[in-house]
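Letter by letter, the chains look like this.
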Amino acid sequence: DFTLMDLPKNRRELFFDIVKNNFRKFLVIGLILVLFSVPYIIASIYKDSMTMSFYKQFNNGSITEQELYNSITLNNLLFNTINSLSLGIIGLGFAGIVKIIKRLCFLDPVFFLYDMKSGIKDNGLLMFLTFFIYGIIHLFSQYLNNSFSNGFVAAIPLGIEYAIILPTFILLAMSLAIY
């Protein structure tokens with residue numbers, strides 16, 4: 001049957017043991033995160049369809065190149081504004097999921113609905129604000145990127161965002177989950 005040699009001996013073996021024994025639970029966790037991502041997905045599809053519509057109008061000759069540029073810029077800013085709220089909603093889901101994963105790591109029993117509600121109650125506001133503030137920073141970064149016409153100067157705000165701000169917010173989200 002089960003012997004002492006079958007137990008995991010280090011963290012790597014423990015990780016794969018937890019994944020192997022709780023694979024269906026991790027699939028449910030992924031499904032929950034996808035459900036919290038639905039507003040972001042809908043906003044992305046809307047943005048892409050509007051951008052395609054603007055290009056079709058440009059190709060038909062209905063709008064000029066300047067009108068195309070202005071329409072796409074406004075569409076991107078609108079999307080990034082909605083994106084901030086969508087990221088906040090993803091943060092709520094992330095708060096609940098972290099609680100479930102923490103219970104799985106301690107080999108405690110998991111009750112999805114109760115643990116999700118408990119995680120959102122414990123860390124939901126902080127996670128929402130963390131993800132929302134990152135969305136606002138991303139909005140300003142995209143605005144600055146669209147404001148500059150020079151390719152290199154336009155890339156500076158995005159470079160700062162992705163090299164410094166994004167890793168900081170990832171570390172913050174992980175720290176909120178632990179403490």
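Source: prediction; values computed, not measured.

A. The arrangement of a nonpolar patch on the surface in detail. Residues Tyr143, Leu144, Phe148, Phe152, Val153, Ile156, Ile160 and Ile164 make up a contiguous nonpolar surface patch of about 750 Å² in total accessible area. Those elements that provide at least two residues to the nonpolar patch are helix H5 (112–147) and helix H6 (151–178). The leading source of residues in the nonpolar patch is H6, at five residues. By the element assignment, isoleucine 164 lies in helix H6.

B. Seen up close, the packing of aromatic side chains. This model, assessed by the stated rule, comprises five aromatic pairs. Where phenylalanine 128 meets phenylalanine 132, the ring centres are 5.9 Å apart and the plane angle is 5 degrees; that geometry is what we call stacked. A residue pair is termed a helical-turn pair when its members lie 3 or 4 positions apart in one helix, as phenylalanine 128 and phenylalanine 132 do in helix H5 at four residues. Taking the relative accessible area as the measure of exposure, phenylalanine 128 reaches 23% and is therefore partly exposed. For phenylalanine 132, a relative accessible area of 25% corresponds to the partly exposed category. Positioned above the aromatic ring of phenylalanine 79, the side-chain terminus of lysine 47 is 5.2 Å from the ring centre.

C. Local environment of the pattern of salt bridges. The final tally for this structure, using the stated rule, is two salt bridges. A salt bridge links lysine 99 to aspartate 122, with the nearest nitrogen and oxygen atoms 3.5 Å apart. With lysine 99 in helix H4 (residues 65–105) and aspartate 122 in helix H5, this pair connects stretches of sequence that are 23 residues apart. By relative accessible area, which is 23% here, lysine 99 ends up partly exposed. Of the residues examined, aspartate 122 reaches a relative accessible area of 46% and is grouped as partly exposed. Of the charged contacts in the structure, one is a salt bridge between aspartate 115 and arginine 103, with a shortest N-O distance of 3.2 Å. Placement of the pair is aspartate 115 in helix H5 and arginine 103 in helix H4, with a sequence separation of twelve residues. Looking at arginine 103, the relative accessible area reads 22%, which means it is partly exposed.

D. Layout of helix H3 (residues 38–60). The end-to-end C-alpha separation of H3 is 33 Å, in line with the 33 Å expected for 23 residues at 1.5 Å each. By the burial criterion, the buried members of H3 are Ala43, Ser44, Thr51 and Phe54. In the core, the buried residues of H3 are packed alongside H4.

Parameters and conventions
- Residues numbered from 1 in each chain as written.
- Predicted model: local features only at pLDDT ≥ 70, side-chain atom pairs only at ≥ 80, totals over all residues.
- Heavy atoms only, no water.
- Patch = residues over 30% accessible without salt bridge, like charges linked within 9 Å, V, L, I, M, F, W, Y side chains within 5 Å.
- Areas by Shrake-Rupley, 256 points an atom, 1.4 Å probe, with all protein chains shown as cover.
- Salt bridge = Lys/Arg side-chain N within 4 Å of Asp/Glu carboxyl O.
- Helix = DSSP H or I, 4+ residues; strand = E, 2+ residues; numbered from the N terminus.
- Phe/Tyr/Trp six-rings, centres within 6.5 Å; stacked < 30°, edge-to-face > 60°.
- Buried < 20%, exposed > 50% of the residue type's maximum accessible area, 1.4 Å probe, protein only.
- Lys NZ or Arg CZ within 6 Å of the ring centre and 35° of its normal.
- Expected span 1.5 Å × (residues − 1).
- Contact = heavy atoms within 4.5 Å.

None of the figures reported here should be taken as evidence of function without further support.
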